[in-house]
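Chain by chain, the residues run as shown.
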Amino acid sequence: KQERLPNYKMVTDECDYLVVGAGTSGMSFIDTLLTEKPNTSVILVDRNAKPGGHWTTAYPFVQLNQHNCFYGVNSLPLGKKFDRRGNAVFDYADRATGEEVLQYYEKVLEKFRTKPNFKVHFGCEYRQEESSTASSSCVHSIRSSDGDIILICCKKLVMIHTKVIVPSMRKVPFPVHEDVNYIIVNDTIRAKMGGKYTHYVVLGAGKTSLDTIIQLLKLGVDQSSIKWVISQDVWYFIREKLYPKGKTHYENLSTFVDTCLAVDSGKDFLLKLEDIGLAARLDPHRDTPTIMKGALISSDDLSLLRTVKDIVRLGRVKSIEAGGIMMFGSDDEGLQEVHLSSDNKSTVFVDCMSENFYGYTSFSKDFKIFEPNRINLGPLLVVLNPSLSAALIAYMEAKISDDETKNACCFWGTSKNSIEYFFESFYGQIKTFIVLMKTYPRSGRFILYSRTNVDSVIYHGGLMKFLWAQFGPRQLKVKVGKMIERMEFGEYNDFQIQKEFITRTIPPAGNS
């Protein structure tokens, strides 16, 4: 069969911004950009048939890790609980399912489509920049699902550089023998309901594996029928303890800041949180975990997980051989076999593994978010919050004209170690807010009233309570300042802030 040659179409579209990717970051960026610059023209391109990014291929029993109230886009609430004024209520139990997230992004898309200066091309892959024009615009090509090449002229290309890859989006990451039953997490419920398997081997230590084991246990699978392969132990935050009833947001925030000021390392910080019930690990009697990805779990679900006793802690699986024999180690250091404790034919391996913290830790200090004719979304300017991070970048794009000034307002975590990254990100968020508000003072209102900001005053009693927490008896502003100072002086012995972030020249106020 002769291969179909691509059909190059003429430039059929022009826009100010060509955004590649309809996931959380892309949708949040567009939402804020169209809000702050209503006359801006935007074309959105995505390889999928609908918006939602990795949510379009997520497992059926997935829920948001965080609360609905600070996920999604700023202009449209995701939560189900509202006060009498119509404002979303901050409720840790209000978490959307994967299907609800997809429905939400369809509503966001419909809102975008009401604007005459917005267009979208689904089922299309971005190819490359084809040429530049005399007017500082660039021509880019995209390939449709039919193989047609469409040319689009835009002033700025917006690319998402995070690599959020879930098991359904990749191949099996190691050799698996053909007689082994191996599925991705998406097929877990189907496998259970089919009745073919009596035993399950869950591969992975992150949120996906937690969800999978809890789902199996709640479906009636006995804990003795589950083998759990954990490459590394992980820290978790206890959901209901982070926001206990009867305590205000600022009381909880004070606990975090006071704890950080009382210790000399990130490790000790997490151990202190464990002592007061805010953080936990699967087995408190083992070595302290070196991984912390921000996973939230309830106390009840943690108790369920701890009923699983058949746990393999030998690092990553190298291969799965005939009969379900798992191989660990390396050829140089020696291989170690782990045999199934059940019959291979009645056992299924469930792939719940993720890589590289979804790509959020892959950005160096030299990464440029703003470039001529291009915006690169990737580093999180807000701790574990791609929604607000992308919104902030769009806000800067709308309000500040100079790329150098915008880049000078952006700080983020750079470490490959997830615990170090967490503290660097905490530092980066505070520095981003401080420098941006000094550079463009009006940004303070945007930050404080953003729906996707967990600290937004709209959730926590309004502006006066925020100011009272900052400057009243709690002295949060002073304490956070001391914490930043300690980080910059290197007083925490297991992480170090990038020197370039500490010594960076602050842009002059009012530079817009």
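Structure: see above.
Calculation notes
- Residues numbered from 1 in each chain as written.
- Predicted model: local features only at pLDDT ≥ 70, side-chain atom pairs only at ≥ 80, totals over all residues.
- Heavy atoms only, no water.
- Helix = DSSP H or I, 4+ residues; strand = E, 2+ residues; numbered from the N terminus.
- Rg over C-alpha atoms; globule rule 2.2 N^0.38 Å.
- Buried < 20%, exposed > 50% of the residue type's maximum accessible area, 1.4 Å probe, protein only.
- Contact = heavy atoms within 4.5 Å.
- Core = buried A, V, L, I, M, F, W, Y, C linked by side-chain atoms within 4.5 Å.
- Phe/Tyr/Trp six-rings, centres within 6.5 Å; stacked < 30°, edge-to-face > 60°.

(A) Structural context of the overall build of the protein chain. Helix and strand content of the protein chain: 15 helices and 19 strands. On C-alpha atoms alone, the protein chain measures out to a radius of gyration of 24 Å, which is about the 24 Å that the 2.2 N^0.38 rule sets for 512 residues. Along the first, second and third principal axes, the C-alpha atoms of the protein chain reach 75 × 65 × 55 Å. When burial is assessed residue by residue, the protein chain has 55% of its 512 residues classed as buried. Here the contacts in the protein chain between residues at least 6 apart in sequence split such that 71% fall between residues at least 24 apart.

(B) Structural detail: the nonpolar core. Counting residues in each nonpolar core, the largest one holds 120 residues, and the members touching the most others are Phe29, Trp228, Phe237 and Met487. The contact partners of Phe29, leaving out residues within four places of it in the chain, are Val19, Val158, Ile375, Leu377, Ala390, Ile393 and Ala394. Core analysis: the second largest hydrophobic core is formed by 15 residues, Tyr182, Val201, Val312 and Met326 among them.

(C) Representation of unusual backbone geometry within the structure. In this model, Asn373 sits at a positive phi of 65°, which is unusual for a non-glycine residue. Checked against the element boundaries, Asn373 lands in the loop between β18 (370–371) and β19 (374–377). Classification of Asn373 as partly exposed rests on a relative accessible area of 27%. Of note in this structure, Gln475 is not a glycine but carries a positive phi near 55°. For Gln475, a relative accessible area of 29% puts it in the partly exposed group.

(D) Inspection of the packing of aromatic side chains at higher detail. Enumeration over the complete set of coordinates arrives at 21 aromatic pairs. Here the aromatic rings of Phe269 and Phe423 are separated by 5.2 Å at their centres, their planes lie at 80°, and the arrangement is edge-to-face. One end of the pair, Phe269, is in helix α7 (residues 266–275); the other, Phe423, is in helix α11 (residues 418–439), and 154 residues separate them in sequence. Accessibility assignment for this pair places Phe269 and Phe423 in one class, buried. Measuring from centroid to centroid gives 5.5 Å for Phe411 and Phe501, while their planes differ by 70°, and the two rings are edge-to-face. Placement of Phe411 in the loop between α10 (403–408) and α11 and of Phe501 in helix α15 (residues 499–503) is noted, with a sequence separation of 90 residues between them. A residue is classified by how much of its surface remains accessible, and Phe411, at 0% relative accessible area, is buried.

Any functional reading would require information beyond the geometric quantities listed.
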